[in-house]
Amino acid sequence: QVQLVESGGGLVQAGGSLRLSCAASRSIFSINVMGWYRQAPGTQRELVATITSGGNINYADSVKGRFTLSRDTAKNTVYLEMNNLKPGDTAVYYCNARVIPGSGFPRNYWGQGTQVTVSS
């Protein structure tokens, strides 16, 4: 079991910035991939950014150059710095942890979600 607690969502005007945090209940080195997904009403959940336990980061094309994923391993926490926000970024953002144990069966864990709303 991995518990994920998110914070940092809010309302911001276009062009503004927010930083999301996701605190995991165990060492993120024990989590194969952590990342952020988002879901707007009526849409499928989409990948925003991921980071592997080794530190390799990937971004969705829609956020490249604007969002930065980082981590503080001592705090078991990953962050998503969101800059130059656009109305299209409005969604519920979910932290995700993917664990692939020795059995080889992947397990997904999700944070509770945090609302990001970008106006104008």
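Procedures and definitions
- Residues numbered from 1 in each chain as written.
- Predicted model: local features only at pLDDT ≥ 70, side-chain atom pairs only at ≥ 80, totals over all residues.
- Heavy atoms only, no water.
- Helix = DSSP H or I, 4+ residues; strand = E, 2+ residues; numbered from the N terminus.
- Rg over C-alpha atoms; globule rule 2.2 N^0.38 Å.
- Buried < 20%, exposed > 50% of the residue type's maximum accessible area, 1.4 Å probe, protein only.
- Contact = heavy atoms within 4.5 Å.
- Areas by Shrake-Rupley, 256 points an atom, 1.4 Å probe, with all protein chains shown as cover.
- Core = buried A, V, L, I, M, F, W, Y, C linked by side-chain atoms within 4.5 Å.
- Pairing = 2+ DSSP bridges.
- Axes fitted to C-alpha atoms, helices over the stretch in contact; angles between N-to-C directions.
- Salt bridge = Lys/Arg side-chain N within 4 Å of Asp/Glu carboxyl O.

Peer 1: For this particular structure, what's the right way to read the overall build of the protein?
Peer 2: Regarding its fold elements, the protein presents zero helices and 11 strands. On C-alpha atoms alone, the protein measures out to a radius of gyration of 14 Å, which is about the 14 Å that the 2.2 N^0.38 rule sets for 120 residues. Principal-axis analysis of the C-alpha atoms places the extent of the protein at approximately 50 × 30 × 25 Å. For the protein, the proportion of its 120 residues judged to be buried stands at 40%. Long-range contacts, defined here as pairs at least 24 residues apart, represent 54% of the contacts in the protein between residues at least 6 apart. A total of about 6100 Å² of accessible surface is found on the protein, and carbon and sulfur atoms cover 48% of it.

Peer 1: How should I be thinking about unusual backbone geometry in this particular structure?
Peer 2: What you tend to see is this: most non-glycine residues have negative phi, and most peptide bonds are trans. With phi around 50°, Asn 84 is a residue other than glycine that occupies positive phi space. Relative to the assigned elements, Asn 84 resides in the loop between strand 8 (77-82) and strand 9 (91-99). Here Asn 84 falls in the partly exposed class, since its relative accessible area comes to 42%.

Peer 1: Explain the nonpolar core here, please?
Peer 2: Of all hydrophobic cores here, the largest spans 30 residues; its most connected members are Leu 4, Met 34, Trp 36, Leu 80, Met 82 and Tyr 93. Within the residue set of this core, elements represented by two or more residues are strand 3 (18-24), strand 4 (33-39), strand 5 (46-52), strand 7 (67-72), strand 8, strand 9 and strand 11 (114-119). Tallying contributions element by element places strand 9 first for this core, with five residues. When residues no more than four places from it in sequence are discounted, the contact partners of Met 34 are Leu 4, Cys 22, Ala 24, Ile 28, Ala 49, Thr 50, Ile 51, Val 78, Cys 95, Asn 96 and Ala 97.

Peer 1: What is the right way to read the sheet that holds strand 3 from this model?
Peer 2: Backbone-to-backbone hydrogen bonds pair the strands of a sheet. The strands run either parallel or antiparallel. Read across the open sheet, the four strands follow the order 1-3-8-7; overall the sheet is antiparallel. In this open sheet, the two strands that pair with only one neighbour each are strand 1 (4-7) and strand 7. The sheet shows a mean angle of 15° between the axes of neighbouring strands, direction not considered. Pairing of strand 1 with strand 3, which is carried by four bridges, proceeds in the antiparallel orientation. By the bridge assignment, Ser 7 is partnered in strand 3 with Ser 21.

Peer 1: Honestly, the pattern of salt bridges in this entry has me stumped. Any pointers?
Peer 2: Taken as a whole and assessed by the stated rule, the structure comprises four salt bridges. For the salt bridge of Arg 38 with Glu 46, the shortest nitrogen-to-oxygen distance reads 2.8 Å. Judged by its relative accessible area of 38%, Glu 46 falls in the partly exposed class. For Arg 66, the salt bridge goes to Asp 89, with nearest N and O atoms at 2.7 Å. Taken together, the residues span a long stretch of sequence, with Arg 66 in the loop between strand 6 (57-59) and strand 7 and Asp 89 in the loop between strand 8 and strand 9 at a distance of 23 residues. Across this residue pair, the class does not change: Arg 66 and Asp 89 are buried. Linked by salt bridges that have partners in common, Arg 38, Glu 46, Arg 66 and Asp 89 make up one network.

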